[in-house]
Amino acid sequence: MAQKTPRAGEASAAAWDLREIRKLIDLLVEREIGEFEMEKDGLRIRIKRGEAPSLGVSTAPAASSPVFAPPAPPAGPAAAAPSRAGASEGAEAVEGLHIVKSPIVGTFYASAAPNAPPFVKLGDVVQVGQVLCIIEAMKLMNEIESDVAGEVVRIYVENGQPVEYGQSLFAIKPSHKKP
Amino acid sequence: MPRATDQRIDKLIHLLVKNATVVVPGPKVAEEIGVTRSAVWSWVEKLRQMGVDIKGHPAAGYQLGKLPDILAPSLIEPEFSQGHIGHKVVHYLKTGSTNDDAFELASQGAPHGTVVLAEEQTAGRGRFGRAWHSERSSGIYSSILLRPPLPPSAAPALTLMAAVAAHDAVESSTGLDADIRWPNDLLVAGRKLCGILTEMNAEVDCLHAVVIGIGINVNHRQLPPKLRTIATSIYLETGKLQARLPILISLLKHLETYYQLLLQQGSGVIAERWAAVSSYACGKRIRVVSGEGEFCAVTLGLEPSGALRVRRDDGREESLVAGEIVEVK
């Protein structure tokens, strides 16, 4: 991950290795610890687990209405999904990070065309409304725009990978406006 | 975004259509539209270049030889009720991509049901920026802006909806019974007649706008060599030139009908209609190409959501929501 020097007085999420946070979450899950809080380098982290045993999936709303139920996840690769989603749900609890999620079940594309450069890379600073990726479902191309300005500190998925409804795609550290 | 077609040209077309049986004197045309007689003359020339059959000259007056096959707003909007798809039309003689224009208009607050049309696209495109051949006035190059009261997760069914609407419009106006390749390509004898590119602007639980781009090859007499084996046109299939206007109006009417069905009864009814007209719905041997690789399968029908059920050759069954489908013969 690209490490950027934090500006004075500003806590940097980059000071936290997100892999460490994932490990931490795994530990909390393993020990069945419900809530956890700590402070380091001026950044406070609080992790609170839901009551449902399956972390990630439980947060998805029980789909709008039955007739519009999103398609069932694909049989094969989905097996790996819960742990992945679980970890990213955990990352969400990192205060100050904004998580961009997928609005539909589909395929994640990092660029507009196969040979084109990706819309964003780790460490990029994005603006509100800037396109981060495309999620495709049944030839419906959904350009996901950033709803915050800030730095892309984590990309949870890879080009061409299937994604679930509500699955975390990016973590963005919002840039603070000067008062 | 280029400037939309001058509304006064639209007025000129409307005037000539309204008075199709008589010669309209040049000065009268100029007065009604509010321009000089020489401007009228230059517009008439422009329309002639676009294939509109206008007889006469400035001194004698103008008369339409036959109804023009130009997709002018004044010939389309009156066909549709307020708020329905087609009630508002923005027309370009030439533009980059009607989908891009529709999103631009959407960001400026254009209403649900706005239709963007172009006689010619210079950057017509499909998925992943693939080019869509958009020869001047030969095809229908349209983008429909929708603001559906649906969650984003339900929006993919709009692509199947567009495909059945295009299927029905082509069939009812030309008699051509096209197949639909999942999810939304119209094919005749395996070659593409109509392509659909749907793009959505949404957040996790809030859908702002959907633009459905529909390109139909109508009167192309010849396609570029590299497209000949994969694309076709209504003319190439029927041997007859077809007026584009009635096909477009039929398309927009079918879209409205299926859109209302989708909102009232859900996507299942769209999936049923889709399965009734597509050979890809059931028992088709296909190859699936996706970001994760390729595999062969047999189709087992559609989910109510529109996802395609398949059985892989290794026996596993699954529902496809993405990927490229190719028929295996």
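Note that the structure is a prediction, hence the values are computed from the model and not measured.

To continue, consider the domain arrangement of chain B. Note: interface size is frequently given as the accessible area lost on complex formation between the parts. All names here are of chain B. Examined at the domain level, chain B breaks down into domain 1 (7-64), domain 2 (73-277) and domain 3 (282-327). Domain 2 and domain 3 are separated by 24 Å when their C-alpha centres are compared. Contacts between domain 2 and domain 3 engage 11 residues on the former and 14 residues on the latter. Carbon and sulfur atoms make up 59% of the area that domain 2 and domain 3 hide from each other, which totals about 880 Å². The largest contributions to the domain 2 side of the interface with domain 3 come from Arg 181, Trp 182 and Ala 271, which together make up 56% of the buried area.

With that out of the way, let us pick up empty space enclosed by the protein. Residues and elements named next belong to chain B. In total, this model carries three cavities of 30 Å³ or more according to the counting rule given. Space inside the second largest cavity adds up to approximately 40 Å³. Thr 5, Ile 9, Asp 10, Ile 13, Ile 70, Ala 72, Pro 73, His 91 and Leu 93 are the residues that line the second largest cavity. Per-element tally for the lining of the second largest cavity: the top contributor is helix α1 (residues 7-18), with three residues. Tallied by class, the residues present in the lining of the second largest cavity amount to six nonpolar, two polar and one charged. Counting the residues that make up the lining of the second largest cavity, at least three belong to each of domain 1 (7-64) and domain 2 (73-277).

To continue, consider the nonpolar core. Ranked by size, the top nonpolar core spans 110 residues in total, and within it Phe 170 of chain A together with Met 161, Ile 214, Ile 216, Leu 255 and Trp 274 of chain B carry the most contacts. If you tally residues by element for this core, the top one is helix α6 (residues 157-174) of chain B, at 11 residues. Residues within four places of Met 161 of chain B in sequence aside, it is in contact with Leu 146, Ile 212, Leu 255, Tyr 258, Tyr 259, Leu 262 and Ile 270 of chain B. Within the second largest apolar cluster, 11 residues are counted, among which are Val 90, Tyr 92, Leu 105 and Val 211 of chain B.

Glancing now at the sheet that holds strand β13 (residues 317-320) of chain B. All names here are of chain B. What the five strands build is an open sheet, ordered β13-β12-β11-β10-β14; its pairing is antiparallel. Each edge of the sheet is formed by a strand with only one pairing partner; in this case those strands are β13 and β14 (324-327). Sheet twist, expressed as the average angle between the axes of neighbouring strands with direction ignored, equals 45°. Relative to β13, strand β12 (residues 308-312) is paired through four bridges, and the arrangement is antiparallel. Looking across to β13, one finds that Arg 309 is bridged to Ser 319.

With that out of the way, let us pick up the interface of chain A and chain B. Contact with chain A, which involves 35 residues of that partner, is made by 40 residues of chain B. For the pair chain A and chain B, the two sides together bury roughly 3100 Å², of which 64% comes from carbon and sulfur. At the junction of chain A with chain B, the criterion picks out one salt bridge. A salt bridge links Arg 127 of chain B to Glu 136 of chain A; the nearest nitrogen and oxygen atoms lie 2.8 Å apart. Mapped onto the side of chain A that touches chain B, the elements with two or more residues apiece are β4 (106-109), β6 (131-137) and β7 (140-145) of chain A. Element by element, the count of residues in the side of chain A that touches chain B is highest for β7 of chain A, at five residues. Considered class by class, the residues forming the side of chain A that touches chain B number 21 nonpolar, eight polar and six charged.

Residues and elements named next belong to chain B. Listed as buried for helix α2 (residues 26-33) are Gly 26, Val 29, Ala 30 and Ile 33. Down the axis of α2, the buried set is contained in an arc of 95°. They therefore lie on one face. Summarising the contacts, the buried residues of α2 are in contact with α1, α3 (37-49) and β2 (61-64). Gly 34 lies just past α2 and shows a positive phi near 85°.

Glancing now at the layout of surface pockets. All names here are of chain B. Each pocket or cavity is described by its volume, and for the largest pocket that value is around 990 Å³. Every element with two or more residues in the lining of the largest pocket is listed here: α5 (98-107), β5 (139-146), β7 (185-188), β8 (191-203), β9 (206-217) and β14. In the lining of the largest pocket, the residues fall into 13 nonpolar, 14 polar and 11 charged. Composition of the lining of the largest pocket by domain shows at least three residues from each of domain 2 (73-277) and domain 3 (282-327).

Attention now goes to the pairing of strand β8 (residues 150-155) of chain A. All names here are of chain A. Here β8 lies mainly inside the structure; five of its six residues are buried. Sheet topology places β8 next to strand β10 (residues 168-174); five bridges connect them, and they run antiparallel. Note on β10: the bridge partner recorded for Glu 151 is Lys 173.

Moving on, we get to unusual backbone geometry. Of note, the amide linkage connecting Trp 182 of chain B to Pro 183 of chain B takes the cis form, showing an omega dihedral of -5°. For Pro 183 of chain B, the position within the fold is in the loop between β6 (179-181) and β7.

Residue and element names in this part refer to chain A. Taken in spatial order, the four strands of this open sheet run β3-β10-β8-β5, and their pairing is antiparallel. Two strands close off the open sheet at either side, each with one partner strand: β3 (98-101) and β5 (125-126). Two elements, β5 and β8, share two bridges in a ladder whose sense is antiparallel. Counterpart to Val 126 in the pairing with β8 is Gly 150.

Criteria and cut-off values
- Residues numbered from 1 in each chain as written.
- Chains lettered and ligands numbered in written order.
- Predicted model: local features only at pLDDT ≥ 70, side-chain atom pairs only at ≥ 80, totals over all residues.
- Heavy atoms only, no water.
- Domains from an automatic or database assignment.
- Contact = heavy atoms within 4.5 Å.
- Buried area = accessible area lost by both parts, 1.4 Å probe.
- 1 Å grid on protein atoms, 1.4 Å probe; cavity = no way out; pocket = protein on both sides within 12 Å on 5 of 7 lines; lining within 4 Å.
- Points joined across faces, edges and corners; volume = space filled by probe spheres on them.
- Helix = DSSP H or I, 4+ residues; strand = E, 2+ residues; numbered from the N terminus.
- Nonpolar A, V, L, I, M, F, W, Y, C, P; charged D, E, K, R; others polar.
- Core = buried A, V, L, I, M, F, W, Y, C linked by side-chain atoms within 4.5 Å.
- Buried < 20%, exposed > 50% of the residue type's maximum accessible area, 1.4 Å probe, protein only.
- Pairing = 2+ DSSP bridges.
- Axes fitted to C-alpha atoms, helices over the stretch in contact; angles between N-to-C directions.
- Salt bridge = Lys/Arg side-chain N within 4 Å of Asp/Glu carboxyl O.
- Arc of directions from axis to C-beta.

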